[in-house]
Amino acid sequence: DWFWETDAGHTYTDVSGRFTELTGIPVQDMIGRNRHEILKRFTSNLPKNEVNPLQINIRDMEAHRSFRDLEISWERENGELGVFLVSGQPMFDENQKFLGYRGAGRDITQHKRAELELEKSEKRYLEMFNRAQVGLARTRISDAKVLEANEQIARIYGYESREDLLTRIPPI
């Protein structure tokens, strides 16, 4: 984790050294720079989503609202994709004058890689399951409800399709 702070104009006034360890970006390159510009730099090479969470975050910050677990992806200098979760809390003085933000960030790159590998593995499993030359079904032990079935098992039991089998066999 690392910590950061901005002034009322969203310019970084403090960033902990751990940020440099995680990103390779020197802290001195952050201090005095506007947070919104830096966020755009981190994400400039990424595909544009229909709903851009960074634009939502910028609106939240302009309205001085807290935000939590904003996912920010960026391309590291070595070309790898990095992923952060960033949270921030607005700071106000005793007269409720906005002073800036304080927040924390967490590198979740390894977690995201593991998620992607799990998705790939699940996709390979489903492809093998569905293409198997033998009939396969996965059932829930408690009531024997068929949770997954391939086309071959549906044909073996006389159903027109796996969807037909899945919707017509009631649990025991």
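Values in this document were obtained by computation on a predicted structure and should not be read as measured data. (Residues numbered from 1 in each chain as written. Predicted model: local features only at pLDDT ≥ 70, side-chain atom pairs only at ≥ 80, totals over all residues. Heavy atoms only, no water.)

Asker: Outline the pattern of salt bridges, listing residues and values.
Answerer: Side chains that carry opposite charge are capable of pairing whenever their charged atoms lie near each other. Under the definition given, this model contains eleven salt bridges. Across the salt bridge formed by Glu 21 and Arg 18, the nearest N and O atoms sit 3.1 Å from each other. On the criterion of helical spacing, the pair formed by Glu 21 and Arg 18 is a turn pair, its members being three residues apart in helix α1 (residues 18–23). A relative accessible area of 62% places Glu 21 in the exposed class. A salt bridge links Lys 112 to Glu 115, with the shortest nitrogen-to-oxygen separation between them at 3.3 Å. One end of the pair is Lys 112 and the other is Glu 115, both in helix α4 (residues 109–131) and three residues apart, which spans about a single turn. You can call Lys 112 partly exposed: its relative accessible area is 22%. Its relative accessible area of 32% is what places Glu 115 among the partly exposed residues. One connected set of salt bridges, linked through shared partners, spans Glu 71, Lys 112 and Glu 115. (Salt bridge = Lys/Arg side-chain N within 4 Å of Asp/Glu carboxyl O. Helix = DSSP H or I, 4+ residues; strand = E, 2+ residues; numbered from the N terminus. Buried < 20%, exposed > 50% of the residue type's maximum accessible area, 1.4 Å probe, protein only.)

Asker: Tell me about the packing of aromatic side chains, residues and numbers included.
Answerer: Applying the stated criterion to the full structure yields nine aromatic pairs. On the basis of an interplanar angle of 45° and a centroid distance of 5.8 Å, the ring pair of Phe 67 and Tyr 101 is categorised as tilted. Of the two residues, Phe 67 sits in strand β3 (residues 67–75) while Tyr 101 sits in strand β5 (residues 98–107), which places them 34 residues apart along the sequence. Accessibility assignment for this pair places Phe 67 and Tyr 101 in one class, buried. In textbook terms, an aromatic cluster arises when at least three aromatic residues are bridged by ring pairs, as seen for Trp 4, Tyr 12, Phe 67, Phe 92, Phe 98 and Tyr 101. (Phe/Tyr/Trp six-rings, centres within 6.5 Å; stacked < 30°, edge-to-face > 60°.)

Asker: Now, about the side chain of Glu 148: what can you tell me, with residues and values included?
Answerer: Within the secondary structure layout, Glu 148 lies in strand β7 (residues 146–149). In terms of polar contacts, Glu 148 uses its side chain to reach the side chain of Arg 138, at 2.5 Å. When residues no more than four places from it in sequence are discounted, the contact partners of Glu 148 are Tyr 125, Leu 126, Phe 129, Leu 136, Ala 137, Arg 138 and Leu 166. (Polar contact = N/O pair within 3.5 Å; in protein donor to acceptor, adjacent residues only side chain to side chain. Contact = heavy atoms within 4.5 Å.)

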